[in-house]
Amino acid sequence: MLTAAALGVLAAPAGAQAPEAAMRAALSDPAHALAPGCVASTFAQGQPVGLVAQGYADLADQRPLDGDSLFYAASVSKQFTALAAATLIAQGKLALDDDVRQYLPELPVYDAPITVGMLMHHTSGIRDSLGLLRMAGVSDVGTASKDDALDLLFRQQHTQFTPGTRYSYSNGGYLLLAEIVERVVGEAFADYARRAIFAPLGMERSFFLNDNSPAAGTFAHGYVPEGDGFALRDSFPRFSGSGGLMLSMNDLARYEYDIEQGHRVWTPEVTQIMLAPGRYTDGSLIDDGGGLAYGGGLHLGEKGGQAVVVHTGSAEAFKHAYLRLPDQHSAFAVLCNRGDWKATDRLKAVMAASDVRYPGMPLSSPEGLFHSSELNAYFRLTPSDDGIAVEVTSPFIAAPVVQHYEADDDGGFHHETMSITPTDNPDRLRLKRGTTAELTLTRVNQEAAQ
């Protein structure tokens, strides 16, 4: 059980300090003295071993970000929605195989029944509620109510595909999942989440929105670049299910502790539900399109030979990433209130500061001079901070051109539609552009290029 001291800002295990200066550098914006930013944390055995806050929660009031700053969590919320459903499933009050029309009779009868599990695993074919709102003319989904979104879902006469046959990420599916929880327990979803999740874990600041805005001065505003500065954008939905969670990093630490050690909410039964990869109706494993399956609001599987559990969150001005390495009992998280930053890039930098490689990222960047006989071109590769610089020389261009390829968690390096991927042979690389061709680059010495 957490100590009284740990219910404040959680203490790191003795001797386990993350390199906070490097973490802070990964979150800094040298171009702006006053800017939004991120809060990042690293965890080991469920305990925080480094927390850094960089930037401001409110630019007008110059209120800095800290571990208690509340962020609109966007799709990081989905695992908490799934967790609420999982607690009911573990109690026998709900089942993954239940037909959702048992709880939502307003839905039309579709070509095949939709189950609770299909909503959780994004295989229902239910259309995206936020997309439907925008198609109906709602430019700012923050002005729409839960009833507005539900009304659109209940009006859909067809699903995107036969339920259970494909994976398609759907905010609509998770809105319906939260509504089912609400109807099963007979109280507002936000109230049940507070009672069944946040209170037992000591997550005293976090809560789900229920068609209302968070109180002024209590949360981190979202910002997007405008001119030489930033414009405020709190254009997030005020209802819960697909999003709607207001979350602080210190509360996320309490959540992480329960996964690793506490097991007050993440009991063995609940853990099995949350981390079991979903399957299609033919029994085959779900593929989310990125090589992972999908469980309870979480992408999971293997990347680069490592077991991973991950989810990101994105609203117009909020970008987040949360990654667990279960075999190593470690986790990493970044919560950002600026829309121009990619959270996974910040997460990779934070992990690198802790000397941990993002799963699937290349162990090292290839370098040296390579040649393609099929292109009659030379490629000089030079490692950079986040990938490789590639200088291309050929008879078809008057002067060499330099392209920057960013490292990705698929093990390759990417520049627009181009990719360079290492092979088992360090003297051979694969070069690909879209569907045009996949060619081989062969290492050569400097004299060969003369």
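As the structure is a prediction and not an experimental result, all values here were calculated from the model.

Asker: Would you explain the sheet that holds strand β6 (residues 207–208) in this entry?
Answerer: In a beta sheet, neighbouring strands are held together by backbone hydrogen bonds and run either parallel or antiparallel to one another. Sheet architecture is open: 3 strands sit in the order β5-β9-β6, paired in antiparallel fashion. The outermost strands of the open sheet, each flanked by one partner alone, are β5 (71–72) and β6. Pairing of β6 with strand β9 (residues 245–247) involves 2 bridges; the strand directions are antiparallel. Bridging from a neighbouring strand, Phe207 pairs with Met246 of β9.

Asker: Help me understand a negative patch on the surface, please; the structure alone is not making it clear to me.
Answerer: Taken together, the side chains of Asp345, Asp385, Asp386 and Glu406 define an acidic patch exposed on the protein surface. By the secondary structure assignment, Asp385 is in the loop between β16 (377–384) and β17 (387–393). Residue classification places Asp385 among the exposed residues on the basis of a relative accessible area of 86%.

Asker: Can you walk me through the pairing of strand β12 (residues 306–314) in this structure?
Answerer: Looking along a regular strand, one sees the side chains alternate between the two faces of the sheet. By the criterion of burial, β12 is predominantly enclosed, with 7 of the 9 residues buried. Both strand β11 (residues 299–303) and β12 contribute to a ladder of 5 bridges, which runs antiparallel. Within β12, the residue paired with Gly301 across the bridge is Val308. As paired strands, β12 and strand β13 (residues 319–325) are joined by 6 bridges and run antiparallel to one another.

Asker: What's the story with the state of the cysteines in this structure? I'm lost.
Answerer: Where two cysteines share a covalent bond between their sulfur atoms, that bond is called a disulfide. For the structure on display, the rule yields 1 disulfide. A sulfur-sulfur distance of 2.1 Å marks the disulfide that ties Cys38 to Cys336. Measuring the twist about the S-S bond at about 100°, one finds the Cys38-Cys336 disulfide to be right-handed. With Cys38 in strand β1 (residues 38–44) and Cys336 in strand β14 (residues 330–336), this pair connects stretches of sequence that are 298 residues apart.

Asker: I'm lost on the pattern of salt bridges in this one. Help?
Answerer: When the charged atoms of two side chains with opposite charge come close together, those side chains can pair. On inspection of all chains with the given rule, the structure shows 14 salt bridges. Across the pair Asp191 and Arg194 runs a salt bridge whose closest N-O atoms are separated by 2.9 Å. Here Asp191 and its partner Arg194 are both found in helix α7 (residues 189–201), 3 residues apart, which amounts to about one turn of the helix. For Arg194, a relative accessible area of 46% translates into the label partly exposed. Two residues, Arg443 and Asp427, come together in a salt bridge whose shortest N-O distance is 2.7 Å. Note that Arg443 is positioned in strand β22 (residues 437–443) and Asp427 in the loop between β20 (418–422) and β21 (428–433), a separation of 16 residues in sequence. What makes Arg443 partly exposed here is its relative accessible area of 32%.

Asker: How should I be thinking about the packing of helix α5 (residues 146–155) against helix α6 (residues 171–185) in this particular structure?
Answerer: When two helices pack together, their arrangement is captured by the angle between the axes and the distance separating the axes. The geometry of α5 relative to α6 is characterised by a closest axis approach of 11 Å and an angle of 110° between their N-to-C directions. In this view, α5 runs roughly perpendicular relative to α6, as classed from their interaxial angle. For the pair α5 and α6, contact is made by Lys146, Ala149, Leu150, Leu153 and Phe154 and by Gly172, Leu175, Leu176, Glu179, Glu182 and Arg183, respectively. Grouping the amino acids of the contact of α5 with α6 by side-chain chemistry returns 6 nonpolar, 1 polar and 4 charged.

Asker: I keep staring at the packing of aromatic side chains and nothing clicks. Help me out?
Answerer: For any pair of aromatic rings, geometry is given as the distance between the ring centres together with the angle between the planes. Applying the stated criterion to the full structure yields 11 aromatic pairs. Judged by centre distance (6.2 Å) and plane angle (65°), the rings of Tyr72 and Phe318 are edge-to-face. With Tyr72 in strand β5 and Phe318 in the loop between β12 and β13, this pair connects stretches of sequence that are 246 residues apart. The pair formed by Tyr72 and Phe318 is uniform in burial state, with each residue classed as buried. Pairing Tyr167 with Tyr294 gives two aromatic rings, centres 6.1 Å apart and planes at 50°, and the pair type is tilted. Residue Tyr167 is located in the loop between α5 and α6, and its partner Tyr294 is located in strand β10 (residues 293–294); the two are separated by 127 residues in the primary sequence. Just as Tyr167 is buried, Tyr294 falls in that class too. Through pairs of rings, three or more aromatic residues link up here, namely Phe80, Phe189, Phe198, Phe208, Tyr255 and Trp266. A cation over a ring is seen here: Lys78 above Tyr174, with NZ or CZ 6.0 Å from the ring centre.

Asker: I keep staring at the environment of Ala315 and nothing clicks. Help me out?
Answerer: Relative to the elements of secondary structure, Ala315 occurs in the loop between β12 and β13. Note: C-alpha distance between Ala315 and Tyr255 (60 residues apart in sequence) is 22 Å. Not counting the four nearest positions on each side in its chain, Ala315 is found in contact with Tyr72 and Ala74.

Asker: What exactly am I supposed to notice about the side chain of Asp234 here?
Answerer: Take Asp234: it is sitting in the loop between β8 (229–232) and β9. For the buried Asp234, no salt bridge exists, and the shortest N-O distance to an oppositely charged side chain is 5.5 Å, to Arg238. Every residue in contact with Asp234, bar those within four places of it in the chain, is listed here: Phe219, His221, Gly222 and Phe318.

Asker: Quick question: what am I supposed to make of the nonpolar core here?
Answerer: When a protein is soluble and globular, its nonpolar side chains tend to lie buried together. Of all hydrophobic cores here, the largest spans 92 residues; its most connected members are Leu176, Ile197 and Tyr255. Excluding anything up to four places from it in sequence, Ile197 contacts Phe80, Leu83, Ala84, Tyr192 and Val265. Residues Leu323, Leu347, Ala353 and Ala407 belong to the second largest nonpolar core, which totals 38 residues.

What counts and what doesn't
- Residues numbered from 1 in each chain as written.
- Predicted model: local features only at pLDDT ≥ 70, side-chain atom pairs only at ≥ 80, totals over all residues.
- Heavy atoms only, no water.
- Pairing = 2+ DSSP bridges.
- Helix = DSSP H or I, 4+ residues; strand = E, 2+ residues; numbered from the N terminus.
- Patch = residues over 30% accessible without salt bridge, like charges linked within 9 Å, V, L, I, M, F, W, Y side chains within 5 Å.
- Areas by Shrake-Rupley, 256 points an atom, 1.4 Å probe, with all protein chains shown as cover.
- Salt bridge = Lys/Arg side-chain N within 4 Å of Asp/Glu carboxyl O.
- Lys, Arg positive; Asp, Glu negative; His and termini not counted.
- Charge placed at Lys NZ, Arg CZ, Asp CG, Glu CD.
- Buried < 20%, exposed > 50% of the residue type's maximum accessible area, 1.4 Å probe, protein only.
- Disulfide = S-S within 2.5 Å.
- Axes fitted to C-alpha atoms, helices over the stretch in contact; angles between N-to-C directions.
- Parallel < 35°, antiparallel > 145°, perpendicular 65-115°, else oblique.
- Contact = heavy atoms within 4.5 Å.
- Nonpolar A, V, L, I, M, F, W, Y, C, P; charged D, E, K, R; others polar.
- Phe/Tyr/Trp six-rings, centres within 6.5 Å; stacked < 30°, edge-to-face > 60°.
- Lys NZ or Arg CZ within 6 Å of the ring centre and 35° of its normal.
- Core = buried A, V, L, I, M, F, W, Y, C linked by side-chain atoms within 4.5 Å.

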